[in-house]
Amino acid sequence: MVTNNDSELDVLDSSSYYKIEDPVPRQLWAAYFSFLFISSVIGDTTILLSSWLHKAIKLHTLMVTIIEFMAVCDLAVSLFTILPRITTLVANEWVFGGFTVCYYFCCIGYFLVPVGILNICIMLCFKLMVLKFPLKAMSWGRNRAVIACAAVIIYSACVPMFPVLYDKDDIFFDYKVYQCNFRFGSPVLQKFRTACSFLFLLAPGTFVIIATSWLLYIAHKTLRRRKETLKWQGVITAIVVATFFCISVLPYSIYHFNNSYFDKDPQSIYFRVADCCLYLHIISNFYIYALTISSFRQFLWYGARKICPWLETSSLESSRSQGDTMSVYLASGARDSNAHASAAISQT
């Protein structure tokens, strides 16, 4: 049992069993999380600055607000979950003090996980409403999205709040994942964990799959009904983000509902791999937006040319060479046509 002594953090024997003594796998694990941390800080900061300062994400206001909120949440995950884990992996122990600090990091981690899942649900809901009610959606502003984000924050805060109120000492440093975790030792907390698995993992995951399929159907139906080109940027962005998120949480979901089978592994390798995959979505959004949103891609290309002037020179040379090639092609075509005309006149 963890005590309220800030000088030392007690660790369960069952958790200490998973401590990795070999430095090589720990360093590789730390390098992986370092890559996630650096990529998230650079990518999410770029998303926020491009949207706030340059208005580079030209989608519906609801979508832009959710994208900004997701970037802020991903940055919080990097700072309060990934960064402490890098430090503990390198030190091979908890180095941030005693019970209080561990307590805060654990609560923040359990708060941010459902926030990320529910953000995807809100993005899909807003995109469906925009396609279903295009005229009404023109009057929907930023406040509607802010209210939805506030509801997500309040709803997600219930996850760490109940264990805190029920048993404030039910916490330990888990060497399986090298981070602080709730123990869920009592039967009441075990039932609460099962309920949270349904409310914040199974139900939202099912909703994301259904909403993504429905979004494709509505987009196809809208395209046929309007007999015009549909703006696919927002649709593709929402679908790709939701799909990649489902892929990243799938291994962890499989473990969570079959943990009695996977816990037979003495090194808990599958659980650690599934936990690593769980954080892939925090770096994927930057690349997804760069591929699916043309205005954001143009902003990145403009910034890259400002930082590296030789890119602009190479692009100009490339366009000039393409223009010269086209001129040669047109000139050769003109010569051929003149030759054919001359041959026809001589025959007549």
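Residues numbered from 1 in each chain as written. Predicted model: local features only at pLDDT ≥ 70, side-chain atom pairs only at ≥ 80, totals over all residues. Heavy atoms only, no water.

J.: Summarise the pattern of salt bridges; cite the residues concerned and give the values.
T.: Note that side chains of opposite charge can pair when their charged atoms are close. Under the counting rule described, the total for this entry stands at three salt bridges. Arg-142 is paired through a salt bridge with Glu-68; the nearest N and O atoms lie 2.4 Å apart. With Arg-142 in helix α6 (residues 142-156) and Glu-68 in helix α3 (residues 61-91), the pair connects residues that are 74 residues apart, well separated along the chain. Measuring nitrogen to oxygen at the nearest pair gives 3.6 Å for the salt bridge that ties Asp-170 to Arg-183. Of this pair, Asp-170 sits in the loop between α7 (158-166) and β1 (171-174) while Arg-183 sits in the loop between β2 (179-182) and α8 (187-226), and the two are 13 residues apart along the sequence. The class for Asp-170 is buried, based on a relative accessible area of 3%. (Salt bridge = Lys/Arg side-chain N within 4 Å of Asp/Glu carboxyl O. Helix = DSSP H or I, 4+ residues; strand = E, 2+ residues; numbered from the N terminus. Buried < 20%, exposed > 50% of the residue type's maximum accessible area, 1.4 Å probe, protein only.)

J.: Hey, could you go over the packing of aromatic side chains for me, with residue numbers and the actual values?
T.: Tallied over the full model, the rule gives 21 aromatic pairs. Taken together, a centroid distance of 5.7 Å and an interplanar angle of 55 degrees make the contact between Phe-96 and Phe-105 tilted. Residue classification places Phe-96 among the partly exposed positions, given a relative accessible area of 28%. Plain terms: the ring middles of Tyr-255 and Phe-271 are 4.5 Å apart, the flat faces sit at 45 degrees to each other, and that makes the pair tilted. Separated by 16 residues along the polypeptide, Tyr-255 in helix α9 (residues 232-256) and Phe-271 in helix α11 (residues 269-277) bring together distant segments of the chain. Under the relative-accessibility criterion, Tyr-255 is labelled buried at 8%. Judged by its relative accessible area of 9%, Phe-271 falls in the buried class. Among the aromatic side chains, those forming a connected cluster through ring pairs are Trp-29, Tyr-32, Phe-33, Trp-94, Phe-96, Phe-105, Phe-173, Tyr-175, Tyr-178 and Tyr-279. (Phe/Tyr/Trp six-rings, centres within 6.5 Å; stacked < 30°, edge-to-face > 60°.)

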